[in-house]
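# Structural overview
So the chains spell out like this:
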Amino acid sequence: MHVGLIAGNGRFPFLVLDAARGAGHDVTVIAIKEEAFPELADLAAKRPSAALHWVSLGQLGTCITLLKDAGVTQAVMAGQVKHTKLFADIMPDLTLVGVLVRLKARNTDALISGIADVLRTNGIELMDSTTFLAPLLAPAGVLTGRAPSDEERADLDFGYPVADAIAGLDVGQTVAVKSGAVVAVEAMEGTDQVITRAGQLAGPGVRILKVAKPDQDMRFDVPVIGVSTIAAMKAAGATLLSVDAGKTLMIDGDAIVRAADEAGISIVGRSRRLG
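A brief report on the enclosed structure follows.

What counts, and at which threshold
Residues numbered from 1 in each chain as written. Predicted model: local features only at pLDDT ≥ 70, side-chain atom pairs only at ≥ 80, totals over all residues. Heavy atoms only, no water. Helix = DSSP H or I, 4+ residues; strand = E, 2+ residues; numbered from the N terminus. Rg over C-alpha atoms; globule rule 2.2 N^0.38 Å. Buried < 20%, exposed > 50% of the residue type's maximum accessible area, 1.4 Å probe, protein only. Contact = heavy atoms within 4.5 Å. Right-handed = clockwise from strand over helix to strand, strands pointing away. Phe/Tyr/Trp six-rings, centres within 6.5 Å; stacked < 30°, edge-to-face > 60°. Lys NZ or Arg CZ within 6 Å of the ring centre and 35° of its normal. Salt bridge = Lys/Arg side-chain N within 4 Å of Asp/Glu carboxyl O. Expected span 1.5 Å × (residues − 1). Arc of directions from axis to C-beta. Polar contact = N/O pair within 3.5 Å; in protein donor to acceptor, adjacent residues only side chain to side chain. Pairing = 2+ DSSP bridges. Axes fitted to C-alpha atoms, helices over the stretch in contact; angles between N-to-C directions. Parallel < 35°, antiparallel > 145°, perpendicular 65-115°, else oblique. Left-handed = near helix turned anticlockwise from the far one by under 90°.

### Details of the overall build of the protein
When its secondary structure is counted, the protein shows 9 helices and 13 strands. Scaling as 2.2 N^0.38, a compact globule of 275 residues should have a C-alpha radius of gyration of about 19 Å, and the protein matches this with 19 Å. Its C-alpha atoms give the protein principal-axis dimensions of roughly 55 × 40 × 30 Å. The buried share of the protein, reckoned over its 275 residues, is 49%. Pairs at least 24 apart in sequence give 74% of the contacts found in the protein among residues at least 6 apart.

### With respect to the pairing of strand β1 (residues 2-7)
The two faces of a sheet get side chains in turn, since along a regular strand they alternate between them. Extensive coverage of β1 is indicated by the burial of 5 of its 6 residues. Note on the crossover from β1 through helix α1 (residues 12-22) to strand β2 (residues 26-32): the handedness is right-handed.

### Observations regarding the packing of aromatic side chains
Overall, the coordinates contain 1 aromatic pair when judged by the stated rule. Arranged with centres 6.3 Å apart and planes meeting at 55°, the rings of Phe-14 and Phe-37 form a pair that is tilted. In this pair, Phe-14 is assigned in helix α1 and Phe-37 in the loop between β2 and α2 (40-45), connecting sequence segments 23 residues apart. For Phe-14, a relative accessible area of 18% gives the class buried. The exposure class assigned to Phe-37 is partly exposed, which follows from its relative accessible area of 30%. The cationic tip of Arg-270 hangs over the ring face of Tyr-160; the distance from NZ or CZ to the ring centre is 4.2 Å.

### Regarding the pattern of salt bridges
As enumerated under the stated definition, the model contains 12 salt bridges in all. Among the salt bridges present, the one from Arg-11 reaches Asp-252, with a minimum N-O distance of 2.6 Å. You can see Arg-11 sitting in the loop between β1 and α1 and its partner Asp-252 sitting in the loop between β12 (249-250) and α9 (254-263), a full 241 residues away along the chain. Close ionic contact of Lys-213 with Asp-221 constitutes a salt bridge, the shortest N to O distance being 2.7 Å.

### Section: helix α7 (residues 191-202)
Taking 1.5 Å of rise per residue, the 12 residues of α7 would be expected to cover 16 Å, and the 16 Å separating its terminal C-alpha atoms lies within 8% of that figure. Along α7, the residues classified as buried are Thr-191, Val-194, Ile-195, Ala-198 and Gly-199. Down the axis of α7, the sector holding all buried residues measures 135°, keeping them to one side. More than 90 degrees from the buried face of α7, the exposed residues found are Gln-200 and Leu-201. Each element contacted by the buried residues of α7 is listed here: β7 (174-178), β8 (181-185), β9 (207-210) and α8 (227-236). Count one or two residues on from α7 and you reach Gly-203, which has phi positive near 75°.

### A few points about the side chain of Asp-155
By the secondary structure assignment, Asp-155 is in helix α6 (residues 150-168). The class of Asp-155 is buried, set by a relative accessible area of 3%. Polar contacts involving the side chain of Asp-155 include one to the side chain of Arg-207, which spans 2.8 Å. Those residues in contact with Asp-155 that lie beyond four places of it in its chain are Val-177, Lys-178, Ser-179, Gly-180 and Arg-207.

### What to know about the sheet that holds β9
The strand order β6-β13-β11-β9-β7-β8 describes an open sheet built from 6 strands, whose pairing is mixed. Here the strands that pair on one side only, and so sit at the sheet edges, are β6 (141-142) and β8. Of the pairings in the sheet, the one linking β6 to strand β13 (residues 266-270) comprises 2 bridges and is antiparallel in character. Each residue of the ladder has a partner; that of Gly-141, found in β13, is Gly-269. α7 contacts β7, β8 and β9 of the sheet and is inclined by roughly 135° relative to β8.

### Brief notes about the packing of α8 against α9
Remark: α8 packs on α9, axes separated minimally by 8 Å, with the N-to-C direction vectors making an angle of 15°. Taken together, the axes of α8 and α9 lie roughly parallel to each other. For the pair α8 and α9, the crossing hand works out as right-handed. In contact with Val-227, Ile-230 and Lys-234 of α8, α9 contributes Ala-255, Ile-256, Ala-259, Ala-260 and Ala-263.

### Comments concerning α1
Those residues of α1 not exposed but buried are Phe-12, Pro-13, Phe-14, Val-16, Leu-17, Ala-20 and Arg-21. Buried residues in α1 make contact with β1, β2, α2, β4 (74-78), β10 (224-225) and β12. One or two steps after α1, the chain reaches Gly-24, where phi turns positive at roughly 90°.

As structure tokens, then:
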């Protein structure tokens with residue numbers, strides 16, 4: 001199978017590229033100039049090499065042409081395109097303009113769903129972004145050596161309905177709570193910034209809840225945590241991290257749990273069936 005990889009910010013694209021090639025697939029990489037790490041070119045050049053093209057944000061037509069010319073019929077989106085880019089001085093091509101004028105809202109789901117529809121119209125189907133990374137999805141249960149305390153569990157019970165509501169509105173994926181109060185809610189700034197702000201506002205003892213949308217489309221905007229998430233929590237004095245099992249990528253694998261254990265942070269994988 002020849003797979004297209006549309007790569008944004010972070011290490012997520014590196015993992016997908018490695019896993020797809022390890023599974024024996026040819027890969028054509030479309031790297032977003034304004035977002036993808038330059039080091040992606042080094043990985044793509046390794047044997048077996050992957051064709052890599054740098055495309056500016058907004059050049060959807062060019063992206064589609066490159067994928068079609070390579071014979072790609074299935075593609076994966078991996079990596080972040082910062083939501084603040086919606087307000088940047090980008091130059092959308094006619095293909096993207098056609099998507100934008102049909103949108104009723106410019107939130108993540110609406111925008112990427114519109115792009116997915118155009119890709120499908122051109123014979124390119126978006127695959128689940130976790131297709132090659134299933135072993136890195138968070139399991140259910142307590143993942144660290146330390147289980148949540150009664151006070152922390154009470155904050156989880158308080159925070160889940162709030163986090164689910166915010167995620168369902170496609171506002172953000174992360175909520176910080178403490179002692180039965182909402183401390184910070186994610187919008188466009190990203191998880192680590194929310195954690196930092198929560199620590200500044202409420203001090204040590206903040207609990208972090210990162211959730212998937214109630215009807216999470218696994219093709220894009222899947223929740224991701226890494227060692228950097230734990231580092232931000234440690235710096236903020238946060239004590240507990242909850243993620244949705246089977247819906248959240250732990251891109252650093254067991255290193256995340258080790259970092260959390262060293263910092264005394266508890267991690268819980270929530271089963272949505274248990275709420």
